[in-house]
Amino acid sequence: MELIDRITHRLKVRDLRLLDAVVRTRSMAKAARQLNVSQPAVSKAIVELERAFDVQLLHRSRQGIEPTDYGRALLQCGVAVPDQIQQGVRTIESLRDPAVGEVRIGSSAFLAVSFASTVVDRLSRRYPRIVFHLITAPAGMLYRELNTRNLDLVITRKFGSAADEKLDFEALFDDSFVVAAGAQNKWARRRKIRLGDLVDEPWVLPPAESVITSVATEAFRASGLQAPHPTVIAFAPETRMAVLAFGRYLSIFPTSVLRFPTRRADIKVLPVELPVPRTPTGIVTLKNRTLNPAARLFIDSAREVAKPLAKL
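Rules of the game
Residues numbered from 1 in each chain as written. Predicted model: local features only at pLDDT ≥ 70, side-chain atom pairs only at ≥ 80, totals over all residues. Heavy atoms only, no water. Pairing = 2+ DSSP bridges. Helix = DSSP H or I, 4+ residues; strand = E, 2+ residues; numbered from the N terminus. Axes fitted to C-alpha atoms, helices over the stretch in contact; angles between N-to-C directions. Contact = heavy atoms within 4.5 Å.

## Notes on the sheet that holds strand β11 (residues 267-269)
In spatial order, the strands read β10-β7-β11; together these three strands make up an open sheet with antiparallel pairing. Looking along the sheet, the strands with just one partner apiece sit at the ends: β10 (250-254) and β11. For this sheet the average axis-to-axis angle between neighbouring strands, irrespective of direction, equals 40°. Two strands pair when backbone bridges link them, and strand β7 (residues 177-182) and β11 are joined in this way by three bridges, in the antiparallel orientation. Residue pairing in the sheet places Gly 182 in a bridge with Ile 267 of β11. Those strands touched by helix α9 (residues 237-244) are β7, β10 and β11, and its axis lies near 140° from that of β10.

## Some points on the sheet that holds strand β3 (residues 101-107)
In spatial order, the strands read β4-β3-β5-β12-β6; together these five strands make up an open sheet with mixed pairing. The open sheet has two edge strands, β4 (130-136) and β6 (167-175), and neither has a second partner. Neighbour-to-neighbour, the strand axes of this sheet turn through a mean angle of 20°, independent of strand direction. The pairing of β3 with strand β5 (residues 153-157) spans three bridges and is classified as parallel. Across the sheet, Gly 106 pairs through a bridge with Val 154, a residue of β5. Across the face of the sheet, helix α6 (residues 109-126) comes into contact with β3, β4, β5, β6 and β12 (279-286) while running at roughly 175° to β4.

All quantities given are derived from atomic positions and should not be read as evidence of function.
Shown next, in the form of structure tokens:
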């Protein structure tokens, strides 16, 4: 009997769960307590897995138990199998009633308060029994959650080439960046502004490592100018919008943030050109993964919501 036939005949989802628990807790005893089984049962399952594959799956060190390269390879399979079972159950339930289900969406803070929340609201009006999980985090963390199938999809901007061959990116629209001010700001009434006019104004920007501040630095340097030093540093877009309302400050936002969910009358886009390229924004999904019907409905709705921006 060939290895693939022997393994598929003997491999059980329960054994993969045991292996995953041992690696996460770095201890067979802790894994046993977590799964409410005996430690000998855990040890026996690991031994049988190693015997079936004829390789060592775990390595004991001073820091605890760690997976070998063989163990890591098997764990990747272990992540996919339970997810496919859960997706199958959700699909069967949805086929009985396509208007119910759950969709887990990852997004940056900017897109969560604008484009993603607009799609959620639009879809929930049509399908009120769908439950939406909207998770915001840095892109790297979102991709890890997508790879481990804790997210169905990620809405994000595409910077550079896709680094992970396991992911698909569907572009929805090209987003640009604009300089914005409160409606009462003195610059809000100007018809034409040069970027150099704004260097010494009070700015509210995110921390230095953020995308927005990088865009600001790139734009000023491309114009032969020193990037402005922010008076207020605030990461959350809602906070920066609140600061703009005082009338003195300037900031930079993606165009989509100021268009969704509705145009904001209290914030004005200034007529100043930022010499930075437009950035594709879209949906990232895991290749070769069958999405549940609620996630597919979300993607269809996102395409519709994005159409006005795609024409800009």
